[in-house]
Amino acid sequence: MIRVQNVTKVFEAKDGPFTALKNVSFEVKRGEIYGVIGFSGAGKSTLVRCLNFLEKPSSGDIFIEGRSLKDQSAIDLRKERHRIGMIFQHFNLFQSRTVAGNIAYPLKLAKWPKEKISERVKELLAFVGLEDKAKHYPDQLSGGQKQRVGIARALATSPSILLCDEATSALDPQTTDSILNLLKRINAEYGITIVMITHEMGVIREICDKVAVMENGEIVEEGSVFDIFSNPQTRTTKNFVKSVMNDQLPASVLDKLNDSKEGRICRLIFKGDSTGTPILSETAKKFDAHINVLFGQITELQGKPFGNLIVQIIGSKKETEEILDYWKNRLFVSEVEKRAS
């Protein structure tokens, strides 16, 4: 559906050239919700503007359904953009136009007949739950309502792709949840491919199928949400996962572990059906070592259970290794450092 191939973007600045994107490549399959996450300055917003060629890459190319955007004429590129809707962090609504007028704007640009514009606007207002706000102006709306107008406007021309640039960053948590649920509904009912640009790992956990982690203009890690959460590889990704998993041991527990020379501390990740496995009771029956539970949590990723357990094994070196081998054949296991970072 979307193929980003070796995209580099260099901006000319007063103090010399600045490379915002460095040889970025990834693919988004049709119907996926694909997340791109990174801290401020990572290159996310530049990337999303390159996806519809609002920013032309310095090198590399973007392919939409196999069509190169680099090779498109100005007229053909405008046609391609009709298939790509965009949602912004600060809504980008026309303050002088009503809600209905904002939604109708891209349809007028596309020269739709007036009667069809009216029908489409009514349809979209119903879909985003704003039927009673058609004649209101943006400054009469809440932040969540403004974003719903932005979403309806982005859907107006029936795009096959929806780009969301920090679409929930200006919203409170409850409103964020409602907007994410609306985006999931759009994906499910319309089959629209969604690219989410965000700095919030909670958004990735809630809505995305796959995620790319950006740092300094590069993708440093990419994979399914399950894989990224269960086994993050880079420090940046680990920090993002920690921000939502909230599985750091309290200082008082760490102090006791630091003072003790006994035991190995391990993180056990349960995915899908394995979350119901009585792994600790089976281990206690099979081995003589003691298992001390330090932390436990079950959450949900894309509608599937995801368990996270931190335990301390107290036993002989030989038995500890046997327990680790026993666990590794059943679930994901990683060792946790005793000392706090």
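Residues numbered from 1 in each chain as written. Predicted model: local features only at pLDDT ≥ 70, side-chain atom pairs only at ≥ 80, totals over all residues. Heavy atoms only, no water.

S.K.: Could you clarify how one ought to interpret the layout of surface pockets in this entry?
M.R.: Rolled over the atoms, a probe as big as a water molecule pinpoints where empty space is left. Of the voids in this model, the second largest pocket is the one considered here, and its volume is about 620 Å³. At the level of elements, α2 (74–82), β6 (84–88), α3 (99–109) and α5 (143–155) are the ones that each hand at least two residues to the lining of the second largest pocket. The biggest single contributor to the lining of the second largest pocket is β6, with four residues. By residue class, the composition of the lining of the second largest pocket is 10 nonpolar, five polar and three charged. (1 Å grid on protein atoms, 1.4 Å probe; cavity = no way out; pocket = protein on both sides within 12 Å on 5 of 7 lines; lining within 4 Å. Points joined across faces, edges and corners; volume = space filled by probe spheres on them. Helix = DSSP H or I, 4+ residues; strand = E, 2+ residues; numbered from the N terminus. Nonpolar A, V, L, I, M, F, W, Y, C, P; charged D, E, K, R; others polar.)

S.K.: It is not clear to me how the pattern of salt bridges should be interpreted in this structure. Could you clarify?
M.R.: Pairing is possible between side chains that carry opposite charge, provided their charged atoms lie close to one another. A complete count under the given rule lists 12 salt bridges for this structure. Across the pair R67 and E80 runs a salt bridge, and its minimum N-O distance is 2.5 Å. In this pair, R67 sits in strand β5 (residues 67–68) while E80 sits in helix α2, placing the two residues 13 residues apart along the sequence. When its relative accessible area of 28% is taken as the criterion, R67 is described as partly exposed. We note a salt bridge from E189 to R185, for which the minimum N-O separation is 3.0 Å. One end of the pair is E189 and the other is R185, both in helix α6 (residues 173–190) and four residues apart, which spans about a single turn. A relative accessible area of 35% means that R185 is categorised as partly exposed. Each of R30, E65, R67, E80 and R83 takes part in a single network of salt bridges with overlapping partners. (Salt bridge = Lys/Arg side-chain N within 4 Å of Asp/Glu carboxyl O. Buried < 20%, exposed > 50% of the residue type's maximum accessible area, 1.4 Å probe, protein only.)

S.K.: Any chance you could explain the domain arrangement of the protein here in plain terms?
M.R.: Along its sequence, the protein is carved into domain 1 (2–243) and domain 2 (251–335). Taken together, the contacts link 11 residues of domain 1 with 10 residues of domain 2. Looking only at domain 1, the three residues that lose the most surface to domain 2 are R205, F226 and S230, adding up to 66% of its buried area. In this structure, the connection of domain 1 to domain 2 is made through zero salt bridges. At the boundary of domain 1 with domain 2, the tally comes to zero residue pairs in polar contact (both at pLDDT 80 or more). Sorting the residues of the side of domain 1 that touches domain 2 by element identifies α7 (201–207) and α8 (225–230) as the ones contributing at least two each. At five residues, α8 tops the list of elements feeding residues into the side of domain 1 that touches domain 2. (Domains from an automatic or database assignment. Contact = heavy atoms within 4.5 Å. Buried area = accessible area lost by both parts, 1.4 Å probe. Polar contact = N/O pair within 3.5 Å; in protein donor to acceptor, adjacent residues only side chain to side chain.)

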